[in-house]
Amino acid sequence: MKNHNYSFKKRHILLLLILLVSVSCENILEEEPRGLLSSSNFWNGDVNAIGAINSVYTRTMEMPPAVFGWNFWFESSGHDFGSNNNHVSGMANGTWSSGEVRVYNMWRASYEPISLANFVLSNIKEATNIDPDLQLRIEGEASFLRAMHYFNLVRIFGDVPLILKETEGDDNFLVSRSPVSEVYDAIVADLNVAINQLPLKSKYATDDAGRASIGAAQALLAKVYLTLGDYEKTVDLTTTVMESGEYSLEPNFKDIFKAENDNGPEWLFSYAVNGEAAQSTHQVAQFGFPNNLGKFGFRRAFGNIWLKEPLLALYDQERDTRFTDMVWNEYTDPETGETVEFTKGTGYYSRKYDDVEFSKDMAFTRINYPVLRYSDVLLMYAEALNEVSPLNTDAIAKLNMVRNRANLGDITLSMVATQENLTNIILDERRLEFVNENHRIFDLKRRGLFLEVAQQQPHANFTEEDILYPIPQAEIDANPNLTQNPGY
């Protein structure tokens, strides 16, 4: 097989040309202009095909920061981190409306890359002069990425428009919402294509590090089945990932989030940033950094993701390295030795996206935003196995692998009273492990716990209708075939 060593992280893809050829229009000239790309000659060779799939990967992180930042606003309703910033109050307390721009950004941040994935998938099979192995791989990558974005959409909005081909004209955008079951069927179908056609992570060349692999597709499909309550399939898929030999836990938790390790053995898939080249849209880095360090030269830090008391109380603050190494409440300037305490909210912040050795401007970071890590696979396996075989000792063993890496002792069978008790222990472990990684809300919702947790918070105004977000009003206004979720 050819070694297709095209740099995945380079941003000089001709997105404008890709977008232009993805929109069909009547050709008023009989002769095709020479020297220009068109829909008839774009898919003619490896380079353009790789440029097209790269655009799907990079689109999310090339959007304006507020668009990618949907995950921060979305997670704020889980109340593991707090904000005294007034403009986020509606997202944090259940009073958002269909006109809320952050809800629209959730929609946009998924459908724009889906459109680019559809452009690839509608054309790649008929592409010419492309290595057959590369052709299959690109189809697998686009299928994985489309599935990932639809998985976000269906969990956030419920029924959503299911567009699975390149759009050709305005009429194709005026689609109705498809039932949740049909969206999940499409997600499963896409991920099975990805599993059948993607290589192992270890088979990618260095310049292609970070692309979707078979392990990432298997893990994402496991999460889909976990969400659907098909626990046996979750166990099977996570077992396959664990037995692949491709992944392992990073020995030290703090090393996971070093820039040089963002494609290390723990990472299955992430949103790749390009902090060394241009401003990143990694808004969690900006909002999660303390805002009172300007005197030391730090910039663009808003300090609005401070950890709240219930989460802090769950940590073993003396031993758990996820707290001792990755949560801070003060900064000591290496040049002057002056120490400044953080004062906003609780004063405690996660350090997962702290890249201060690279830049003091938090709009720039080299640390990827994780989508799937190996500890997630272990904990998904433990949770699903506990459903298939209650209080199974192997479920506890995989839970303990994550705990031991965090310098915590074993959970033993004698410490677990019931199946439900073990489930709650696993969910708490996920809460500690994945803070600021956009898992908590989805975990609560798939277990039916979101309202119970959300309604306990001060100033909460959550109802059953808030489990799903509203279809953005801008989309309702533009498309008469869209209906709104109840309560909006």
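About the criteria used
- Residues numbered from 1 in each chain as written.
- Predicted model: local features only at pLDDT ≥ 70, side-chain atom pairs only at ≥ 80, totals over all residues.
- Heavy atoms only, no water.
- 1 Å grid on protein atoms, 1.4 Å probe; cavity = no way out; pocket = protein on both sides within 12 Å on 5 of 7 lines; lining within 4 Å.
- Points joined across faces, edges and corners; volume = space filled by probe spheres on them.
- Helix = DSSP H or I, 4+ residues; strand = E, 2+ residues; numbered from the N terminus.
- Nonpolar A, V, L, I, M, F, W, Y, C, P; charged D, E, K, R; others polar.
- Phe/Tyr/Trp six-rings, centres within 6.5 Å; stacked < 30°, edge-to-face > 60°.
- Buried < 20%, exposed > 50% of the residue type's maximum accessible area, 1.4 Å probe, protein only.
- Lys NZ or Arg CZ within 6 Å of the ring centre and 35° of its normal.
- Salt bridge = Lys/Arg side-chain N within 4 Å of Asp/Glu carboxyl O.
- Contact = heavy atoms within 4.5 Å.
- pLDDT = per-residue confidence, 0-100.
- Axes fitted to C-alpha atoms, helices over the stretch in contact; angles between N-to-C directions.
- Parallel < 35°, antiparallel > 145°, perpendicular 65-115°, else oblique.
- Left-handed = near helix turned anticlockwise from the far one by under 90°.
- Core = buried A, V, L, I, M, F, W, Y, C linked by side-chain atoms within 4.5 Å.

Draft legend 1. Local environment of empty space enclosed by the protein. Tallied over the entire structure, the rule returns seven cavities of 30 Å³ or more. What the largest cavity holds in volume is close to 240 Å³. What lines the largest cavity is a set of 21 residues, and nearest its centre among them are Asn152, Arg155, Val371, Asn438 and Phe442. At the level of elements, helix 4 (70–75), helix 7 (132–157), helix 9 (214–228), strand 8 (369–373) and helix 18 (440–446) are the ones that each hand at least two residues to the lining of the largest cavity. Partitioned by chemical class, the residues of the lining of the largest cavity number 10 nonpolar, five polar and six charged.

Draft legend 2. Geometry of the packing of aromatic side chains. Across all of its chains, the model carries 30 aromatic pairs by this definition. For the pair Trp107 and Tyr111, a centre-to-centre distance of 4.9 Å together with 45 degrees between the ring planes defines the contact as tilted. Of this pair, Trp107 and Tyr111 are both found in helix 6 (residues 101–121), four residues apart, which corresponds to roughly one turn of the helix. Overall, the relative accessible area of 12% leaves Tyr111 in the buried class. Both rings, one in Phe450 and one in Phe462, keep their centres 5.6 Å apart while their planes meet at 85 degrees; by these two values the pair is edge-to-face. Linking Phe450 in helix 19 (residues 450–454) with Phe462 in the loop between helix 19 and helix 20 (473–478), this pair joins segments that are 12 residues apart in sequence. Per residue, the accessibility class of Phe450 equals that of Phe462, and both read buried. Grouping aromatic residues by their ring pairs yields a cluster made of Phe289, Phe296, Phe298, Trp328, Tyr331, Phe342 and Tyr349. In this arrangement the basic side chain of Arg155 is found over the ring face of Phe442, its NZ or CZ atom lying 3.6 Å from the centre. Over the face of the ring belonging to Phe298 we find Lys360, whose NZ or CZ atom lies 5.1 Å from the ring centre.

Draft legend 3. View of the pattern of salt bridges. Taken as a whole and assessed by the stated rule, the structure comprises 36 salt bridges. Arg322 is the salt-bridge partner of Glu429, the closest N and O atoms lying 2.5 Å from each other. Here Arg322 lies in helix 14 (residues 321–324) and Glu429 lies in helix 17 (residues 419–433), a separation of 107 residues in the sequence. Just as Glu429 is buried, Arg322 falls in that class too. Within the structure, one salt-bridge network assembled from shared partners comprises Glu266, Asp320, Arg322, Lys352, Arg373, Arg403, Arg405, Glu429, Glu433 and Glu437.

Draft legend 4. Quick look at the side chain of Glu139. Tracing the sequence through the fold places Glu139 in helix 7. When sequence neighbours within four positions are dropped, the list of residues in contact with Glu139 reads Leu121, Ile124, Lys125, Val193 and Gln197.

Draft legend 5. Geometry of the confidence of the model for the protein chain. Averaged over the protein chain, the pLDDT score is 88; the fraction of residues at 70 or greater is 87%. Overall, residues 1–37 carries pLDDT values under 50, and its contacts beyond four positions in sequence, including any with other chains, amount to 69 contacts.

Draft legend 6. Focus on the packing of helix 6 against helix 7. Direction vectors running N to C along helix 6 and helix 7 enclose 155 degrees, while the axes themselves pass 9 Å from each other. Between helix 6 and helix 7, the interaxial angle falls into the category roughly antiparallel. Crossing of helix 6 against helix 7: the hand is left-handed. Residues Val103, Met106, Trp107, Ala109, Ser110, Tyr111, Pro113, Ile114, Ala117, Asn118, Val120 and Leu121 of helix 6 form the contact with helix 7, whose participating residues are Ile138, Glu139, Ala142, Ser143, Arg146, His149, Tyr150, Asn152, Leu153, Ile156 and Phe157. Looking at the contact of helix 6 with helix 7 residue by residue, the class counts come to 16 nonpolar, five polar and two charged.

Draft legend 7. Molecular detail of the nonpolar core. If you look at the biggest cluster of nonpolar residues, it comprises 124 residues, and the most contacted ones within it are Trp43, Phe144, Tyr150, Phe157, Ile187, Phe269 and Tyr469. When neighbours within four sequence positions are excluded, Tyr469 is seen to be in contact with Phe74, Ser77, Met91, Trp96, Val103, Met106, Ile156, Phe157, Lys445, Asn485 and Tyr488. Counting residues in hydrophobic clusters, the runner-up holds 12 residues, among them Phe289, Tyr331, Phe342 and Tyr349.

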